[in-house]
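Commentary on secondary and tertiary structure
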Amino acid sequence: MLAATIQSPNFFIDTPNMDTQRIIALIIFSFSGLLLWEAWQKQRNPPVPPSTPTAVAAAQTGNTNPAMATSPAASSTVPASTIPTATTAAPVSVAAPAAVPTTSTKTVSVRTDTLALELDSTSGDIRNVVLLKHTARGDVTQPFALMQEKVGHYFIAQTGLLGEGMPNHTSKWVPTGERFDLGGNDKIEVAFTNNDTPGIDVTKVFTFKRGSYVVDVRYDIKYGGASPIAPKAYFQFVRDANPPEGESSGSNPFTGIATFTGPAVYTELKKFQKVSFADIEKNKAEYVSAASDGWVAMVQHYFVSAWLPQGGGAREYFVNRVPNSPLFTAGVKQPIVAGGAILPNTTASLSMPLYVGPQLQESLKALAPGLDLVVDYGWLKTLAYPMFVVLSFLNSMIGNWGWTIIVFTILLKLVFFPLNQKAGKSMAHMKSLMPKMEALKARHGDDKMKLNQAMMELYKTEKVNPLGGCLPIIIQIPFFIALYWVLLGAVELRNTPWMGWITDLSTPDPYYVLPVLMGASMFIQTKLNPQPADPIQAKVMLVLPIVFSIMFFFFPAGLVLYWTMQNILGIAQQWYINKTFSATPAKATAGKR
C-alpha cells in the first residue's frame, strides 16, 4: 500500500508553493513517524536504573523499608518494622509489610498440565512460574518462565494478612507437603498453615485446576479471640523494571519492543490505566487507588499476571517503588469480610484468583471486564481488534498462521479493490501523459513557475487529479499500522512457524529472504507505475525499495509476509489496469475511423 503511494509520480511533480524535496521527505518520514509514535510514547521518559547484582543483594539481605509508598491518592505508609494492626470494629486503611525479596532455601513444587511453579516453603510466595505450553524465546526446547527469582529478572507474587496478630509474607508458614502433581485429577490444593498467634488459626490454600492458568488463593481464618477483628488481605507482585527475558531493551524501535511492560490498574471509573516504571520512579504515577471493582496486573509482551478481586466491596490498589532497591510492587488490599468484622469463635474466608499466563484475548475477556485490554494494540485498537477476530476465524479453518496472513491479505485487497482500482487507473492515466509532461519540461525547464502552470493546465485539460493515485492508498495506511500491532501483540503468533526457514512469525526473518522479496516486488511496482520526469526523483524511486528492505529486516516476519503479498497482488492489479487502460484508447480511436 505505502509502496504504491511513494511510487506514484503525483507526489513528485512540482506544483505552485511546493518543493519537491520537501514532498519526498514528508512521505518517507511521515510514515516512519506513524510507526514510531507508540514507541516514542513509551520511551519518552528516562529509563529506570536497571537491576544490578549489588542492588538486589542489598534488598535481599536486610532492606526492611516499607514497599507500599503509593501515589498521592493512595493510603499512607506505616513503620517498616511494624506489622499493621486493625481496629476491633471496622476495617482501617493500612499498608502492607515491606515487599522485600528473601532468598528461598526450600520450596514446594507444583505441576499441572499448564503450569510448573514453586511456592516458598516458609512465606508461601509464588516463585519461578513456568508456562508449560509456551516455549522460551530463542530456545523452543525449554518452557517459558514468566516469573523468576534471579538477579536481572526478578518477578514473584506475595500475599499476606494485615491486622494485629495476623501472619503476612514475612511470617512462618507450614506447608502440608513438598511436591504436588495434578496427574489425572481435575484439581489439586496446596495448603499452608500458621497458628503463631493464640486464638488465630490461618490457612492459606492454593487451588490449581486442569487446563487453567488461574491459581485461586484463599485465606481461611478461624478466630477464637474475645472481641471482633477486621483484618485485610494483600496480594501483590514484586518485580524489577528490566525487560522480559528474551526481549530487547528497545534500542532499535523497528523491532517493535515498544510494547508496554509494567503495572496496570483497571476500574470502571477510569478503565484501563497503564503505570510506567518511570512514572513510579518520579512519583508521578496516576491510577485509581480506591474502588469497588477492577483488578491489578503486571503486563509484559505476550503475557500478563493479574490479581482479580471477585464481587464488589471496597478495595485499595497500590503501585510503588521498593525503597533502596531496584524493585517495584503492584497489588491490591481487600477486607476479609466486606463491610464487617470477624466475630469471636467464627470463621471467615477470602478468595483471590491469580491469572498467570498468555494474553489470550477471549479467555481474558471471560475472566474479568477489561482484562483483554492488556493486549497492546497501540492507538488503533478499535481497528486492530476486528482484524484480529477475522484472522483468528480464518486460522481456525486454515490451521497455519502464515497461510492465514496470506488469505487475509487477499481478502483485504478485495475489500479495497475499488479504491486501489481508482488509484491504479489514475497512475495509468498519468503514465500515458508522460510524453506530454516531458515536452512541457523541455519547453519550460528553465522557468519553474511556467512549468508548474503548464502542468496544471495539462491536468485540467486531461481531467486528471494529481493526487488521484495517492489519496485512496493513504486511506489504507491506518489498516496497515493496525495490522502491524495485531501481528506484534498477538501471542498466538509467538514461536509460530509458517514454512521452511520461517520458524517464528513474530520475529524477523533470520535469513532476510522475505525483506529481499518485498524489496524486489516493490521495485517491480515502481517499474509498472509512471516514472517521474525528474532524473533525481527517478533515482530516488529506485533506491526506496532498498531502503524499505533494510528497514524491514527488523520487522516481524508475519508483517513482512503481509506486505510482500500485498505488493504481489498490487503488481497483478496494476499490470491488468495498465493493459486495460492502454487498450481502451486504441479501441476508441478505431471506432472514430
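The rules behind these values
- All residue numbers refer to positions counted from 1 along the written sequence of the respective chain.
- For this predicted model, a pLDDT threshold of at least 70 governs which residues receive local features, and a threshold of 80 or more governs which side-chain atom pairs are given and counted, while totals over whole chains, interfaces and linings are taken from all residues.
- In computing side-chain values, all of the structure's heavy atoms are included and hydrogens and water are not.
- Per-residue accessibility, obtained with a 1.4 Å probe over protein chains only, is compared with the maximum for each type, and a residue is labelled buried under 20%, exposed over 50%, and partly exposed between these values.
- Only runs of H or I of at least four residues qualify as helices and only runs of E of at least two qualify as strands under DSSP, and these elements are numbered from the N terminus.
- DSSP calls a pair of strands paired once it identifies at least 2 bridges connecting them.
- Only Phe, Tyr and Trp rings are paired, with Trp represented by its six-membered ring, and only when their centres lie within 6.5 Å; those with planes under 30 degrees apart are stacked, over 60 edge-to-face, the remainder tilted.
- Two limits define a charge over a ring: the Lys NZ or Arg CZ must be within 6 Å of the ring centre, and within 35 degrees of the ring normal.
- Each salt bridge in this description consists of a side-chain nitrogen of Lys or Arg and a carboxyl oxygen of Asp or Glu lying within 4 Å of one another.
- To get an axis, a line is fitted to the C-alpha atoms, and for a helix only the part in contact is used. The angle between two axes follows their N-to-C directions and goes from 0 to 180 degrees.
- Throughout this description, any angle smaller than 35 degrees is read as roughly parallel, any larger than 145 degrees as roughly antiparallel, any in the 65 to 115 degree range as roughly perpendicular, and the remainder as oblique.
- Should the near helix be turned anticlockwise from the far one by less than a right angle, the crossing is left-handed, and should it be turned clockwise, the crossing is right-handed.
- A contact between two residues is defined here by any heavy atoms of the two lying within 4.5 Å.
- Here the nonpolar group is Ala, Val, Leu, Ile, Met, Phe, Trp, Tyr, Cys and Pro; Asp, Glu, Lys and Arg are the charged ones; every other residue, Gly included, is treated as polar.
- Residue count minus one, scaled by 1.5 Å, sets the expected span of a helix.
- The reported arc concerns the directions from the helix axis to the C-beta atoms and nothing else.
- Take the buried Ala, Val, Leu, Ile, Met, Phe, Trp, Tyr and Cys residues and link them wherever side-chain atoms come within 4.5 Å; each set so joined is a nonpolar core.
- pLDDT measures the predictor's confidence residue by residue and takes values from 0 up to 100.
- Surface patches are drawn from residues lacking salt bridges whose relative accessible area is over 30%; two like charges belong together within 9 Å, two nonpolar side chains (Val, Leu, Ile, Met, Phe, Trp, Tyr) within 5 Å.
- We get accessible surface area from the Shrake-Rupley algorithm with a probe of 1.4 Å; when it comes to residues, only the shown protein chains can shield them.

Some thoughts on the pairing of strand β10 (residues 200–209)
Burial within β10 is extensive, with 7 of its 10 residues counted as buried. One ladder, built from 8 bridges, connects strand β9 (residues 187–194) with β10; its direction is antiparallel. Opposite F192, over in β10, you have K204 as the bridge partner. A loop of 4 residues connects β10 with strand β11 (residues 214–223), the two strands running antiparallel in sequence, and G211 in this loop sits at a positive phi of about 70°.

A closer look at the sheet that holds β10
Strands sit in the order β7-β9-β10-β11-β20-β17-β16-β13-β14 across an open sheet of 9 strands; the sheet is antiparallel. If you trace the sheet from one side to the other, it starts and ends with β7 (174–175) and β14 (271–274), each paired once.

Some words on the packing of aromatic side chains
Applying the stated criterion to the full structure yields 19 aromatic pairs. Geometrically, the ring pair formed by W173 and Y219 is tilted, given 6.2 Å between the ring centres and 55° between the ring planes. Here the residue W173 occupies a position in the loop between β6 (153–162) and β7, and Y219 occupies one in strand β11, the gap between them amounting to 46 residues. Neither residue differs from the other here; W173 and Y219 are each classed as buried. One aromatic cluster is present, formed by F155, W173, Y219, F235, F237 and W307 through successive ring pairs. The side chain of R239 reaches across the aromatic face of F155, ending 5.3 Å from its centre. The positively charged end of R494 is found above the aromatic ring belonging to F144, 4.8 Å away from the centroid.

Examining the pattern of salt bridges
Enumeration according to the criterion identifies 12 salt bridges in this entry. Here R137 and D504 are joined by a salt bridge, their closest N and O atoms 2.5 Å apart. One end of the pair, R137, is in the loop between β3 (126–136) and β4 (139–145); the other, D504, is in the loop between α12 (477–489) and α13 (513–528), and 367 residues separate them in sequence. Put simply, D120, D125, R127 and E149 are held in one network by salt bridges that share partners.

So, the packing of helix α9 (residues 434–444) against helix α10 (residues 448–462)
Each pair of packed helices can be described by the angle between their axes along with the distance between the axes. Look at α9 against α10: their axes get within 9 Å of each other, and the N-to-C directions meet at 155°. When the axis of α9 is compared with that of α10, the two are roughly antiparallel. Two packed elements cross with a definite hand, and for α9 against α10 that hand is right-handed. Touching K436, M437, L440, K441 and H444 of α9 are K448, K450, L451, A454, M455, L458, Y459 and E462, all from α10. Tallied by class, residues from the contact of α9 with α10 come to 7 nonpolar, 1 polar and 5 charged.

Quick look at α10
In an α-helix, one full turn covers 3.6 residues, which means residues spaced three or four apart are oriented alike. Taking 1.5 Å of rise per residue, 15 residues should cover 21 Å, and α10 covers 21 Å from first to last C-alpha, within 8% of that figure. Turning to α10, its buried residues are L451, N452, A454, M455, L458 and Y459. Buried residues in α10, looked at end-on, bunch into an arc of 165°, giving them a common side. In α10, the exposed residues that point more than 90 degrees away from the buried face are M449, K460 and T461. A positive phi of about 55° marks K463, the residue just after α10.

Quick look at the nonpolar core
One finds L119, V190, F206, F235 and W307 to be the most contacted residues of the largest nonpolar core, which totals 77 residues. Excluding residues that lie within four positions of it along the chain, L119 makes contacts with K106, T107, V108, V110, G124, D125, I126, V190, F192 and F206. Counting residues in each nonpolar core, the second largest holds 46 residues, with I481, L488, A490 and L505 among its members.

Some remarks on unusual backbone geometry
In this structure, Y302 is a non-glycine residue whose phi angle is positive, near 80°. On the secondary structure map, Y302 appears in the loop between β16 (295–300) and β17 (303–307). For Y302, a relative accessible area of 0% puts it in the buried group. The phi angle at N345 is positive, at roughly 60°, despite the residue not being glycine. Of note, N345 is situated in the loop between β19 (327–335) and β20 (346–358).

Quick look at the environment of V174
Considering the arrangement of structural elements, one finds V174 in strand β7. Separated by 50 residues in the primary sequence, V174 and G124 place their C-alpha atoms 8.7 Å from one another.

Comments concerning the confidence of the model for the protein chain
With 74% of its residues at a pLDDT of at least 70, the protein chain reaches an overall mean of 78. A low-confidence stretch, residues 34–95 stays under pLDDT 50, and its non-local contacts, those more than four residues away or across chains, total 147 contacts. Here residues 249–257 is modelled with pLDDT under 50, and outside its nearest four sequence neighbours on either side it reaches 17 contacts, counting other chains as well.

Thoughts on the packing of helix α6 (residues 381–398) against α12
Put simply, α6 and α12 touch, their axes get as near as 9 Å, and they point 65° apart. Of the two possible hands of crossing, α6 and α12 adopt the one that is right-handed. Residue-level inspection shows L383, A384, M387, F388 and L391 of α6 in contact with α12, the latter providing P478, F479, A482, L483 and V486.

Points about a nonpolar patch on the surface
Where nonpolar side chains cluster on the molecular surface, the patch consists of F393, M397, I398, W403, V407, I410, L411, L414 and M499 and spans about 830 Å² of accessible area. Listing elements by their share of the nonpolar patch, those giving two or more residues are α6 and α7 (401–415). With 5 residues, α7 is the single largest residue contributor to the nonpolar patch. Locating M397 in the fold gives a position in helix α6.

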